[in-house]
Amino acid sequence: MANDWLFAIDADEIDEEDVAPIEIEGKEVAIYRNNGRFYASVDKCTHGNAFLSDGIVVGDVIECPLHQGRFCIKTGKALSAPASIPIETFEVKVENGKVFVKVG
Ligand code: FES
């Protein structure tokens, strides 16, 4: 099951340059939309106790709401202090207006 595509959210529930929290298979996941494409990562910041889905999406970057650490939503790479540990990202696909992720 861990490597299956799992339904996450309807694509039209996320605005451009926005992020939504979902829970899937007991995991808290953030689904991002930028430029018509969708990306997914763990929702928890690697720096502290904050949800990235409460942050701000600017292009391919998510800014954490707590200390403004930044991560690339495509690769999970930590881009600016105080964030230094990458966030885990997940594969995403969109079919018939529905977003699916592999959280395995
Ligand atoms: S909790 Fe995210 S940058 Fe500190």
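Just above sits the structure.
These numbers were taken from a predicted model, which means no experiment stands behind them. (Residues numbered from 1 in each chain as written. Predicted model: local features only at pLDDT ≥ 70, side-chain atom pairs only at ≥ 80, totals over all residues.)

Caption draft 1: Summary view of the sheet that holds strand S3 (residues 27-34). Pairing is antiparallel across the open sheet formed by six strands, whose spatial order is S1-S10-S9-S4-S3-S2. Edge positions in the sheet fall to strand S1 (6-10) and strand S2 (18-24), since each has one partner strand and no second. The average undirected angle you get between the axes of adjacent strands in this sheet is 30°. With five bridges connecting them, strand S9 (residues 89-95) and strand S10 (residues 98-102) associate as antiparallel partners. Directly across from Glu91, in S10, lies its bridge partner Lys102. (Pairing = 2+ DSSP bridges. Helix = DSSP H or I, 4+ residues; strand = E, 2+ residues; numbered from the N terminus. Axes fitted to C-alpha atoms, helices over the stretch in contact; angles between N-to-C directions.)

Caption draft 2: Fine view of the pairing of S9. Note that strand S4 (residues 37-42) and S9 share two bridges and pair antiparallel. From the neighbouring strand, Ala40 faces S9, where its bridge partner is Phe90. Once S9 ends, the chain turns through two residues before running back antiparallel as S10, passing Asn96 with a positive phi of about 50°.

Caption draft 3: Local environment of the environment of Gln68. Within the secondary structure, Gln68 is located in the loop between strand S6 (61-63) and strand S7 (70-72). Between the C-alpha atom of Gln68 and that of Pro82, which follows or precedes it by 14 residues, the distance is 7.8 Å.

Caption draft 4: Fine view of the nonpolar core. In terms of nonpolar packing, the biggest core is built from 25 residues, with Ala8, Val29, Ile31, Tyr32 and Ala40 touching the most fellow members. Counting residues per element, this core draws most heavily on S3, at four residues. Each residue touching Ala8, except ones within four places of it in the same chain, is listed here: Ile22, Ile24, Val29, Ile31, Ala40, Val99, Phe100 and Val101. (Core = buried A, V, L, I, M, F, W, Y, C linked by C-beta atoms within 7 Å. Buried ≥ 20, exposed ≤ 12 C-beta atoms within 10 Å, placed from the backbone. Contact = placed C-beta atoms within 7 Å.)

Caption draft 5: Structural detail: the pairing of S10. Burial of the side chains of S10 is restricted to one face: Val99 and Val101 are buried, whereas none of Lys98, Phe100 and Lys102 on the reverse face is. Note: S1 against S10, four bridges, orientation antiparallel. Its bridge partner being in S10, Asp10 is matched across the sheet by Lys98.

Caption draft 6: How the structure looks around the sheet that holds strand S5 (residues 56-58). In spatial order, the strands read S5-S6-S7-S8; together these four strands make up an open sheet with antiparallel pairing. Whereas interior strands pair on both sides, the edge strands pair on one side only; in this sheet they are S5 and strand S8 (78-80). Shown here is a sheet whose adjacent strand axes are inclined to one another by a mean of 30°, direction ignored. Strand direction decides the pairing type here: S5 and S6, joined by three bridges, are antiparallel. Residue Val58 lies in a different strand from S6, and its bridge partner there is Val61.

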